[in-house]
Amino acid sequence: MKLLLDTHILLWAAGDSQRLSAAAKNLIADHGNSLIFSVASIWEVVVKHMLGRADFRADPAKLRASLLSQGSSRLSQSSPKC
């Protein structure tokens, strides 16, 4: 199954947060699932990190590199076909 992870789920999964539900942890840990993130989520982390938001302390470059090294895919930038 393909799972598009939103910004908070990315951060919670990276930080092993207790805010991530058991069901979400199981889906993310299942190697049969493909994890996908959007560049918009990385952009959001950059902006909120620069604003000093306590819930966005992750280094955006390290987060992106970690996601890619762990096998996550970046959402394609091509526009959907209508």
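> Help me understand the overall build of the chain in this model?
Regarding its fold elements, the chain presents four helices and three strands. Of the regular secondary structure in the chain, the N- to C-terminal order runs β-α-α-β-α-α-β. The C-alpha radius of gyration computed for the chain amounts to 13 Å, which stays within 12% of the reference 12 Å derived for 82 residues, consistent with globular compactness. Principal-axis analysis of the C-alpha atoms gives the chain an extent of 35 × 35 × 25 Å. Sorting the 82 residues of the chain into buried and exposed places 26% on the buried side. Taking the intrachain contacts of the chain between residues at least 6 apart in sequence as the baseline, contacts between residues at least 24 apart amount to 66%. Accessible surface, the chain: about 5800 Å² in total, of which carbon and sulfur atoms supply 57%. The centroid of the 10 positive side-chain charges in the chain is displaced by 5 Å from the centroid of its 6 negative side-chain charges.

> What exactly am I supposed to notice about the pairing of strand 2 (residues 34-37) here?
Consecutive side chains along a regular strand alternate between the two faces of the sheet. In the sheet, strand 1 (residues 2-5) pairs with strand 2 via four bridges, with the strands oriented parallel. Residue pairing in the sheet places Leu4 in a bridge with Ile36 of strand 2. Pairing of strand 2 with strand 3 (residues 73-74), which is carried by two bridges, proceeds in the parallel orientation. The residue of strand 3 that forms the bridge with Ile36 is Ser73.

> Would you explain the side chain of Ser38 in this entry?
With respect to the helices, strands and loops of the structure, Ser38 is situated in the loop between strand 2 and helix 3 (39-50). Separated by 3.0 Å, the side chain of Ser38 and the backbone nitrogen of Ala40 make a polar contact.

> Looking at this structure, I do not really get the pattern of salt bridges. What am I missing?
Pairing between side chains becomes possible if they bear opposite charge and their charged atoms approach one another. Enumeration according to the criterion identifies one salt bridge in this entry. Glu44 is paired through a salt bridge with Lys48; the nearest N and O atoms lie 2.9 Å apart. Of this pair, Glu44 and Lys48 both sit in helix 3, four residues apart, which is roughly one turn of the helix.

> Would you mind showing me how to read the environment of Trp12 here?
Along the chain, the position of Trp12 falls in helix 1 (residues 7-14). Taking the C-alpha atoms as reference points, Trp12 and Ser69, 57 residues apart in sequence, are found 18 Å from one another. Look past the residues within four positions of Trp12 in its chain and what remains in contact with it is Ser17, Arg19 and Leu20.

Here is what the cut-offs are and how they apply
- Residues numbered from 1 in each chain as written.
- Predicted model: local features only at pLDDT ≥ 70, side-chain atom pairs only at ≥ 80, totals over all residues.
- Heavy atoms only, no water.
- Helix = DSSP H or I, 4+ residues; strand = E, 2+ residues; numbered from the N terminus.
- Rg over C-alpha atoms; globule rule 2.2 N^0.38 Å.
- Buried < 20%, exposed > 50% of the residue type's maximum accessible area, 1.4 Å probe, protein only.
- Contact = heavy atoms within 4.5 Å.
- Areas by Shrake-Rupley, 256 points an atom, 1.4 Å probe, with all protein chains shown as cover.
- Lys, Arg positive; Asp, Glu negative; His and termini not counted.
- Charge placed at Lys NZ, Arg CZ, Asp CG, Glu CD.
- Pairing = 2+ DSSP bridges.
- Polar contact = N/O pair within 3.5 Å; in protein donor to acceptor, adjacent residues only side chain to side chain.
- Salt bridge = Lys/Arg side-chain N within 4 Å of Asp/Glu carboxyl O.

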